[in-house]
Structures are given as C-alpha cells and as structure tokens.
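Single-letter residue listing:
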Amino acid sequence: ITACIQLLGFAAAYQLQTEVFYDILGGINFLVLGAYSAYAGQDFDNDLLWANDGRKVANTIVFSCSRAWLLIFLAWRAHERGGDSRFDGVKNKFGLFLLYWTVQGVWVFTISMPAVFVNAVAGEPKEFSALDTISIAAWACGVVFEVLADVQKARWVKKGRQGTFCQVGVWKLSRHPNYFGEMLQWWSAWLFAYGSCSGQSFNYQWFFSILSPLFTMHILLSSGGTGVMNANGNLTRVQMNTQDIGRTLPF
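Every value quoted in this text rests on a predicted model; they were computed, and no experiment measured them.

**Structural notes on the environment of Ile210**
- Relative to the elements of secondary structure, Ile210 occurs in the loop between helix H7 (204-208) and helix H8 (211-221).
- The spacing of Ile210 and Leu191 is 19 residues in sequence and 9.0 Å in space, taken between C-alpha atoms.
- When neighbours within four sequence positions are excluded, Ile210 is seen to be in contact with Trp187 and Trp190.

**Thoughts on the nonpolar core**
- Counting 25 residues, the largest nonpolar core has Phe30, Phe63, Ile136, Trp139, Trp186 and Trp206 as its most contacted members.
- Of all the secondary structure elements, the ones that give two or more residues to this core are helix H2 (22-40), helix H3 (54-81), helix H4 (94-120), helix H5 (130-158) and helix H6 (177-194).
- In terms of residue count, H3 provides more of this core than any other element does, seven residues in total.
- Excluding residues within four positions of it along the chain, Trp186 makes contact with Phe63, Ser66, Arg67, Ile111, Trp139, Ser212, Pro213 and Thr216.
- Within the second largest apolar cluster, nine residues are counted, among which are Phe10, Ala13, Tyr22 and Phe87.

**Focus: the packing of aromatic side chains**
- Across all of its chains, the model carries 23 aromatic pairs by this definition.
- Taken together, a centroid distance of 4.8 Å and an interplanar angle of 65° make the contact between Tyr22 and Phe87 edge-to-face. Of this pair, Tyr22 sits in helix H2 while Phe87 sits in the loop between H3 and H4, placing them 65 residues apart in sequence.
- For Phe87, a relative accessible area of 0% corresponds to the buried category.
- Taking the centre distance of 5.2 Å and the plane angle of 50° together, the rings of Phe87 and Tyr100 count as tilted. Of this pair, Phe87 sits in the loop between H3 and H4 while Tyr100 is found in helix H4, placing the two residues 13 residues apart along the sequence.

**Comments concerning a nonpolar patch on the surface**
- Where nonpolar side chains cluster on the molecular surface, the patch consists of Ile1, Ile28, Val32 and Tyr36 and spans about 330 Å² of accessible area.
- Owing to a relative accessible area of 32%, Val32 belongs among the partly exposed residues under this scheme.

**Describing the pattern of salt bridges**
- Counted by the stated rule, this structure contains five salt bridges.
- Asp132 is the salt-bridge partner of Arg55, the closest N and O atoms lying 3.1 Å from each other. Residue Arg55 is found in helix H3, and its partner Asp132 is found in helix H5; the two are separated by 77 residues along the sequence.
- The partner of Glu182 in a salt bridge is Arg67, with the nearest N and O atoms 3.2 Å apart. Of the two residues, Glu182 sits in helix H6 while Arg67 sits in helix H3, which places them 115 residues apart along the sequence. Accessibility classification places Glu182 together with Arg67 in one group, the buried group.
- By sharing partners, the salt bridges in this structure join Asp23, Arg77 and Arg86 into a single network.

**Some remarks on the packing of H4 against H6**
- Packing of H4 against H6 leaves a shortest axis separation of 9 Å and a crossing angle of 25°. Taken together, the axes of H4 and H6 are roughly parallel relative to one another. Regarding H4 and H6, the two cross each other, and that crossing is left-handed. Of H6, the residues touching H4 (which contributes Ile111, Pro114, Phe117 and Val118) are Trp186, Ala189, Trp190, Phe192 and Ala193.
- Residues belonging to the contact of H4 with H6 are distributed by class as follows: nine nonpolar, no polar and no charged.

Rules used throughout
Residues numbered from 1 in each chain as written. Predicted model: local features only at pLDDT ≥ 70, side-chain atom pairs only at ≥ 80, totals over all residues. Heavy atoms only, no water. Helix = DSSP H or I, 4+ residues; strand = E, 2+ residues; numbered from the N terminus. Contact = heavy atoms within 4.5 Å. Core = buried A, V, L, I, M, F, W, Y, C linked by side-chain atoms within 4.5 Å. Buried < 20%, exposed > 50% of the residue type's maximum accessible area, 1.4 Å probe, protein only. Phe/Tyr/Trp six-rings, centres within 6.5 Å; stacked < 30°, edge-to-face > 60°. Patch = residues over 30% accessible without salt bridge, like charges linked within 9 Å, V, L, I, M, F, W, Y side chains within 5 Å. Areas by Shrake-Rupley, 256 points an atom, 1.4 Å probe, with all protein chains shown as cover. Salt bridge = Lys/Arg side-chain N within 4 Å of Asp/Glu carboxyl O. Axes fitted to C-alpha atoms, helices over the stretch in contact; angles between N-to-C directions. Parallel < 35°, antiparallel > 145°, perpendicular 65-115°, else oblique. Left-handed = near helix turned anticlockwise from the far one by under 90°. Nonpolar A, V, L, I, M, F, W, Y, C, P; charged D, E, K, R; others polar.

As structure tokens, this is what we get:
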C-alpha cells in the first residue's frame, strides 16, 4: 500500500514537475496504512473484530490523531510556503526525485511499525496493563504537546518572530518541543505495542519495531536536512549536540 501510494504520487509529481503534495501524500499514507492494518487485522471467522479490542481501538485512534495532525500541519505549511526549497534542482531529475519519494515511503512504514504490529496481532483481546495505560497516555500527551508547539510557533511566526528564538507557551520549556512531542509519541507507541506480545516467547516483530523511535530520533536530531541541525544551521555539529539536543527535553 505504502509503495503504491508513493509511486503514484511520484508519477504525478514528476509529470507535473511539482512537489506541492509531497508532504501531504506522506500524511495520507500514514492514515491509509493505519486504517488498512485495523481492517486486515480482524479475524472474521472467530468474530475477533477490531471494534471489540480496546487496545487496538486505542492504538488506532491515537495513531490516527497523530498522523491527521501531521497531514493538516503539512498541508498548511505547503500552502503557506508555496513550494519547498529541498526540491530545487531535484524534481526534474527522474532518479533523484524517485529516491526522495522512496525514502518518504520507508519513513512512513518504519514510523508506523508499532501501530501496525498492534493491529496485526491475532488473538483474544487483552485487558489494559499498567504499562499499557501509562504508554498510551504518554503517546496521547506527545500528540497534544506537538500540536501545541506547532500552533504556538505558527502564531509566533505570524506576529513577526519576536526575539531570537520562539519562547512562548511550551517553547519556554524546550528549544524544540515539537521534536520532543514526536519522539515521545513513538517511544510510547513502541512500549504500548509490547502488550500485544504473546508472552510465550520473545517477539522479534515487536522488538524490531524499535526502529520507529530510533529512526524518528535520527531524523530530528542528526539529519542535516531536517530537525535540530536544520533549525540551527549556523551552529557546528559539536555546538548543536552540546547546546541544543539536551534542550529538546522540557526538563
């Protein structure tokens, strides 16, 4: 599903020579993947339906809220910017432009791994454990924290970027509260997914879904084109690692 969406998006984008719906299709891809995993994970023969499994319902709702906000925010940002400088000199090169769309597909699938794992596990519904309750609550808090950060930053920008850095609302607590919210989400999602393990043997599918929070941290903290390094392009890598990555945590 992810591959089909990305390839169709690439074909249309290359034909039209535009990048305006690149981020938007990424958000849609998340939502489609979440909905499909919820549907496909049902066992109709044994009446094990998604709606009857509280863990799967909570997982899908929080995941969908998270990715719906991402879609809304990226669509608004694409409209405000009227373009994306990342694709300057790229969208007219078939191979390189395809690589961008391929990498986005890998990103979508990797980040979604914990949520897809929860929906895909067959068996009788399980009761919420203490870890489930804490992790799903932390996941939801991460969504709220990121939404607040994005909205407050957008308002600050609209008012003329007063001060060197945004220091309103949750931005008083962290240099990068939106990144903190995103990282909190996927570590929490991974912990929540642990409750879907059978308990009879070590579940490698769950373990490898740790790629979701690890990949998120890599993109936000170490990637040159996005995240902390991009937000502080005038700082050296060493300065950023010591000054800003620690300040991402709101404590």
